Every structure is written in structure tokens, then in C-alpha cells.
Amino acid sequence: MDGRDEMTAADEAADDEMDMPGSPRVPGNSVDSLVLHATDNRVCRITLNRPEALNAITPDQRERIIHLLAEASADPAVRAVVLTGTGRGFCAGADLRGGSAAGERVPGDVARTIRLGAQRLIAAVLDCEKPVIAAVNGTAAGLGAHLALACDLVLAAESARFIEVFVRRGLVPDGGGAYLLPRLIGPQRAKELMFFGDALSAAEAERLGLVNRVLPDGELDRTARAWAERLATGPTRALALTKQLVNASLDSDRAAAFAAEAAAQEINMTTKDAREGVASFVERREPRFRGR
């Protein structure tokens, strides 16, 4: 896959009135400045910060996001994650300009690139043991749309748009799109979005069930913080097990789903939060969950 083609398509889709081919990585910019990271009130906030390129993801950024999600998953001090972007774009897809395009392509190269790149990024979101909220502040195109839709909860600004740009350049969707979309909205709707590549407004995305809430642009950040902080006070292990059960149920038969549910219950009842939840019910008070 030619990353330049995908990025150009994403740019055109993101703003039909502006011809912006996207910006290559600026020399001297560290990946830490291109992926901002902060943890506050037990919430890990990951912010894509290439607004001039509508937050198209470079390979370095992708690896940084994967690393941060893995850290958040393992860190008991982190109990929720928010993923968002700066400027007018949430993420315009993958920008592979910095990668090597020289040399003859060998059969298997493309599959390997997708498997080790876009698919690992989406898997990092799906496998994160903390609830992940996407705060979609603007255009989410291609891989950027799939990055948002892989999150557990999706909040979108009124100005946000979701675009399956691949067909515009004769490409097959990557980043788990053909896995995620049918599970969210059914195969017929998924094929409509992927076959035509039309921009989907935030309101239409909410109507289809891709988005939990659509908010005025000025309220997106506040609501994302409120949701994340609420999750961060919840029973963290129970939420992780619930996430695993729901995600796995889409690929399981009833017997496997029931067995997974019973196993999750067995594991969860060993946690301090489960004991606190039962005790608070008996004592008729609000529970005080510690994420343990």
C-alpha cells in the first residue's frame, strides 16, 4: 500500500474546499511532541498532535500510541483512557511518507506491513484492559475512523466526520475495518460505507450506532473528561472483564460465550472491588472502588 495515496485521499475527504496534501514529519520534532500524553485523576489522555496533517499517523506515532496503551493497560494507577486529537482532525489515516519506498516490492510485504502496523494499533485498543474513550474532535478517515471505532465508547463533536476513504484510491480497507464495521452496524450498512466512501456526519454516525453521543464542539473535551473520570472511579477489573466478554461474544457461539462469562465471574469475585460492591449493597451505601 502506498501511504501517500491513502494520506492524499484522506486530506481530500477531510476538506473538499482546501487542497492540502498533508505535511511530512518536521525535522527535529520528537514523537513525544507528536503524541501528547498526560495522566490525571487516574485517566490517561493520549492526544495526536499533527494538526497541520489532520493528525495522520506516522509509523513512529503508531508505535508510540501502542506503547502508551500497553502501559495504561498494565498500570494500576490508570483506570481509563481518552484518545483524541488537536485541530480540525481526529486522525486522517496512516501517513507512511517517512517509510522506505525504495526497492522492489516482494510478495508478502504488504500483508506484513498491515499486520505489524495498522492491525497492531487497532488490536492495542481492543486489548487494552482499561476502558478507552474516543473523543472525535474532527475528521476520522481511513485508519483514523477505525481507530475511533475500535474504542469502547465514542464521543463525537458536531463537526466530526467519518470517512471510509479506501475505495477512492482503489484500496481495500485496512486496520480491521471489515471486522469492526459489520459488527457495529451490520454487513449491508458496512458495505454501503466502504463501497461508496462517502463522508458520514457525526449525527448520521450516531443514528447508525457508531457513536454514543454527538456534542457541540466546545463541550466534547469536558464530556470526555467527565465520562473518563466516572469510569476511573468504577470497578476496573470488572470493566476489563466486561469489555473482554462483549468483544469476544461477537465471535463466539452461545456455549463459548456462557463459558467465558462463568470464568469471568469466577475471576472477578476474587477482586477487592467485587467484595466492596457486595458489602456496600448489604450496608446500603455507595461503593468505594479502588481498581483492585
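Residues numbered from 1 in each chain as written. Predicted model: local features only at pLDDT ≥ 70, side-chain atom pairs only at ≥ 80, totals over all residues. Heavy atoms only, no water.

1. Focus on the overall build of the protein
Rule in force here: The way it works is that DSSP assigns letters per residue, a run of H or I at least four long becomes a helix, a run of E at least two long becomes a strand, and they are numbered from the N terminus. Buried, partly exposed and exposed residues are distinguished by accessible area as a fraction of the type maximum, computed with a 1.4 Å probe on protein chains only: under 20%, between the cut-offs, and over 50%, respectively. Here, two residues are considered to be in contact whenever any of their heavy atoms come within 4.5 Å of each other. Computed with the Shrake-Rupley method and a 1.4 Å probe, the accessible areas treat only the protein chains shown as cover for residues.
Counting its regular elements, the protein contains 13 helices and ten strands. For the protein, buried positions account for 44% of its 292 residues. Once local pairs closer than 6 in sequence are excluded, the contacts in the protein between residues at least 24 apart make up 72%. Summing over all exposed atoms, the protein offers an accessible surface of approximately 14600 Å²; the carbon and sulfur share of this is 54%.

2. A word on the side chain of Lys 130
Heads up, the condition is: Charge counting treats Lys and Arg as positive and Asp and Glu as negative, with His and both chain ends excluded. Salt bridge, as applied in this entry: a Lys or Arg side-chain nitrogen positioned within 4 Å of an Asp or Glu carboxyl oxygen. Think of a polar contact as two N or O atoms within 3.5 Å of one another; within protein, one of them needs to be a possible hydrogen donor and the other a possible acceptor, and neighboring residues in sequence only count if both atoms come from side chains.
Structurally, the position occupied by Lys 130 is in the loop between α5 (118–127) and β5 (132–136). Here Lys 130 occupies a buried position and makes no salt bridge, while the nearest side chain of opposite charge, Asp 75, is found at 6.2 Å. For Lys 130, the side chain forms a polar contact with the main-chain oxygen of Ala 72, separated by 2.9 Å.

3. Remarks on the pattern of salt bridges
Where charged atoms from two side chains of opposite charge come close, those side chains can pair. Using the criterion set out here, one finds 16 salt bridges in the structure. The network of salt bridges with common partners includes Arg 45, Asp 221 and Arg 225.

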